[in-house]
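Take a look at the letters that make up each chain.
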Amino acid sequence: MFRSFDKSAFICVYLWPILLCHAAQPADQIWSARYVVTMDAEHRVIENGAVAVRGSHIVAVDTRANINSRYTAPNHLDRTEAVLIPGLIDTHTHAAMSLFRGIADDLTLQDWLEHYIFPAEARNVTPDFVLWGTRLACLEMMLSGTTTFTDMYYFEDRVAEATKEAGMRGVLGETIIGFPVPDAKTPKDSLAWTEGYIQRYRNDPLVTPAVAPHALYTNSAETLKACRALANKYSVPLVIHVAETRKENDDCLKQNGVRAVPWLNSLGVFNGRTVAAHCVWVDRADMGILLKSNVGVAHCPSSNMKLASGIAPIAQMLAMGIHVGLGPDGPAGSNNDFDMMEEMNLAADLQKVATGDPRVVPAEQALEMATMGGARVIGREHDLGSLEAGKLADMVMIRLDRPHAVPLYNIYSQLVYALKGSDARDVMVNGRVIVSDSRSLTLDSGVIITKAREYRSRVEQSLHTPKAVSH
Ligand SMILES: [Zn+2]
């Protein structure tokens, strides 16, 4: 006899797995927009696109319709007149110097450093100064679409504290320099302190500690070698200014018989993850060394223009395959803001001026530098820099409803040549919304702006106080 057909058993065994496949999967957040610019390997741009996020990671990137049928989420942000892009990655800055914004402009780098910045720092930089300066910087950065920044300053543990409060990501390098500075009397003290700092933060989900020898002209060969050894001991990056001015290269040639890049290479400074800021005065052989050593270049067009440092041969570097990211550099005289959208625009324009060819560094390549390029420079291309399933959820919603955003023919052109940092409307880092409708959810902007004004009076006073004379 036939057994009677057991309908419920059939559904359980055969149909349930199929039904499960088609049932909506849970996500925590879905962000959808008119365009999703992924910056993935194919540079997919999805019209009416969406990104589903679970925890700190992206789980899917697709059309709005597909994401909405495959995922359910308690939080859904849908902006029909906006473009969703990967979080911008700043590869070189000095965040806490925001409290010195505009202190001295229109000077040579040496004059600016020796007569204004170094004395102002000696008299004002304390752990609290760095904490408030970084809070101010993080506020400005997040409101203009930066999600990760690469820093070099003093009391870098305070930079880390402010970065974590902001909910941002940072590669935060403690400065090592060959003269007494606010947080160390000697480079040796500084290296010892940096080791403790690295141990404290090396497993942090948002902060990557780094060793930051200021430059070859402010450090001895032994200190530079010790910096590399310390960075390699803990597998953390080394951040350094390289070949920023003609003088740096000429002096190095006079003193060591070789240019800046081969000199640093001969000391072994590039034997490990390195972020080299500027690289303006590099020739083809120097670029060959940067490529071979996998050095990431942090291009800072605003700074190079404002300080008349020169024009870094970025188009050539990109053609050779060198990793290039962008950075605003310091806010105190070499820029004076943290707007990465502006750096993208200037990076593209400056190469056109330098080469006489308007076809070099097109908009798409400029956006690449600010996203995937930056991720490669800091060694994070596996989990940052693009909107792809499996990557960390760092992304920015940029509005397309203002006069300078319409009409729209090409989204890359709009992002690089027309839109501004102030068009960033919502920002997510590590799956957490830190900016909503152009307001920070993590930092108190009223308190920070008041505090910045207070610091201005103190700094101004300190510069007019005669320096104690030592005999
Ligand atoms: Zn710098």
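Refer to the preceding data block for the structure.
What you see is a predicted model; the values in this text were computed from it and never measured.

J.: Account for the environment of Leu-384, naming residues and giving values.
T.: Mapping Leu-384 onto the fold places it in the loop between α14 (363-377) and β15 (395-399). Residues Leu-384 and Ala-354, 30 residues apart in the sequence, show an inter-C-alpha distance of 31 Å. Not counting residues within four places of it along the chain, the set of residues in contact with Leu-384 comprises Ile-89, Thr-148, Arg-169, Met-372, Ala-375, Ile-378, Lys-391, Leu-392 and Asp-394.

J.: Residue-level account of the environment of Val-269, with values.
T.: Position of Val-269 relative to the elements: it lies in the loop between α9 (260-266) and β12 (274-278). The exposure class of Val-269 is buried, given its relative accessible area of 1%. Separated by 43 residues in sequence, Val-269 and Ala-226 place their C-alpha atoms 9.2 Å apart. Apart from residues lying up to four places away in sequence, Val-269 is in contact with Leu-224, Arg-228, Leu-238, Leu-264 and Thr-274.

J.: Let's hear about the coordination of the zinc ion: which residues, and what values?
T.: With distances of 2.1 to 2.3 Å, the protein atoms coordinating the zinc ion are His-92 (NE2), His-94 (NE2), His-241 (NE2) and Asp-329 (OD). Coordination at the zinc ion is irregular: its four donor atoms span angles of 88 to 167° at the metal. Donor residues for the zinc ion sit on one chain with the sequence pattern H-x1-H-x146-H-x87-D. Remark: His-241 occurs in strand β11 (residues 238-242) and His-94 occurs in the loop between β7 (88-93) and α3 (109-124); sequence separation between them is 147 residues. Judged by relative accessible area, which is 8%, His-94 ranks as buried.

J.: Tell me about the packing of aromatic side chains, residues and numbers included.
T.: For the coordinates displayed, the defined rule picks out six aromatic pairs. With centroids separated by 5.5 Å and ring planes inclined at 15°, the aromatic side chains of Trp-193 and Tyr-197 adopt a geometry described as stacked. Residue Trp-193 and its partner Tyr-197 are both found in helix α6 (residues 187-201); the two are separated by four residues, about one turn of the helix. Measuring from centroid to centroid gives 5.7 Å for Tyr-197 and Tyr-201, while their planes differ by 55°, and the two rings are tilted. With Tyr-197 and Tyr-201 both in helix α6 and four residues apart, the pair spans about one turn of that helix. Both residues of the pair, Tyr-197 and Tyr-201, belong to the buried class. The structure contains a cluster of three or more aromatic residues connected by ring pairs, namely Phe-100, Phe-129 and Tyr-455.

J.: Account for the state of the cysteines, naming residues and giving values.
T.: By the definition in use, this model includes zero disulfides. No disulfide involves Cys-252; its nearest neighbouring cysteine sulfur is the one of Cys-279, lying 13 Å away. On the basis of relative accessible area, Cys-252 is assigned to the buried category, the value being 1%.

J.: An account of the nonpolar core is needed here, citing residue identities and associated values.
T.: Among the nonpolar cores identified, the biggest contains 117 residues, and Val-37, Val-83, Phe-100, Leu-290, Met-317 and Leu-415 are the most heavily contacted of them. Examining the composition of this core, we find that nine residues originate from one element, helix α4 (residues 127-143), more than from any other. Apart from the residues within four sequence positions on either side, Leu-415 is in contact with Val-37, Val-83, Ile-85, Met-341, Met-344, Leu-367 and Ile-398. Ile-58, Leu-84, Leu-387 and Met-397 belong to the second largest nonpolar core, which has 16 residues in total.

J.: I'd like a description of the pattern of salt bridges, backed by residues and values.
T.: Pairing of side chains with opposite charge becomes possible as their charged atoms draw close. For the coordinates displayed, the defined rule picks out 27 salt bridges. The closest approach of N and O atoms between Asp-204 and Lys-164, which form a salt bridge, is 2.6 Å. Here Lys-164 lies in helix α5 (residues 156-166) and Asp-204 lies in the loop between α6 and β10 (207-213), a separation of 40 residues in the sequence. For Glu-388, the salt bridge goes to Lys-391, with nearest N and O atoms at 3.7 Å. Residue Glu-388 is classed as partly exposed on the basis of its relative accessible area, which comes to 28%. Within the structure, one salt-bridge network assembled from shared partners comprises Asp-128, Arg-158 and Glu-161.

Criteria and cut-off values
- Residues numbered from 1 in each chain as written.
- Predicted model: local features only at pLDDT ≥ 70, side-chain atom pairs only at ≥ 80, totals over all residues.
- Heavy atoms only, no water.
- Helix = DSSP H or I, 4+ residues; strand = E, 2+ residues; numbered from the N terminus.
- Contact = heavy atoms within 4.5 Å.
- Buried < 20%, exposed > 50% of the residue type's maximum accessible area, 1.4 Å probe, protein only.
- Donors = N, O, S within 2.8 Å, 3.2 Å for Na, K, Ca; no water.
- Tetrahedral: all angles 85-135°; square planar, octahedral: opposite > 155°, others 65-115°.
- Phe/Tyr/Trp six-rings, centres within 6.5 Å; stacked < 30°, edge-to-face > 60°.
- Disulfide = S-S within 2.5 Å.
- Core = buried A, V, L, I, M, F, W, Y, C linked by side-chain atoms within 4.5 Å.
- Salt bridge = Lys/Arg side-chain N within 4 Å of Asp/Glu carboxyl O.

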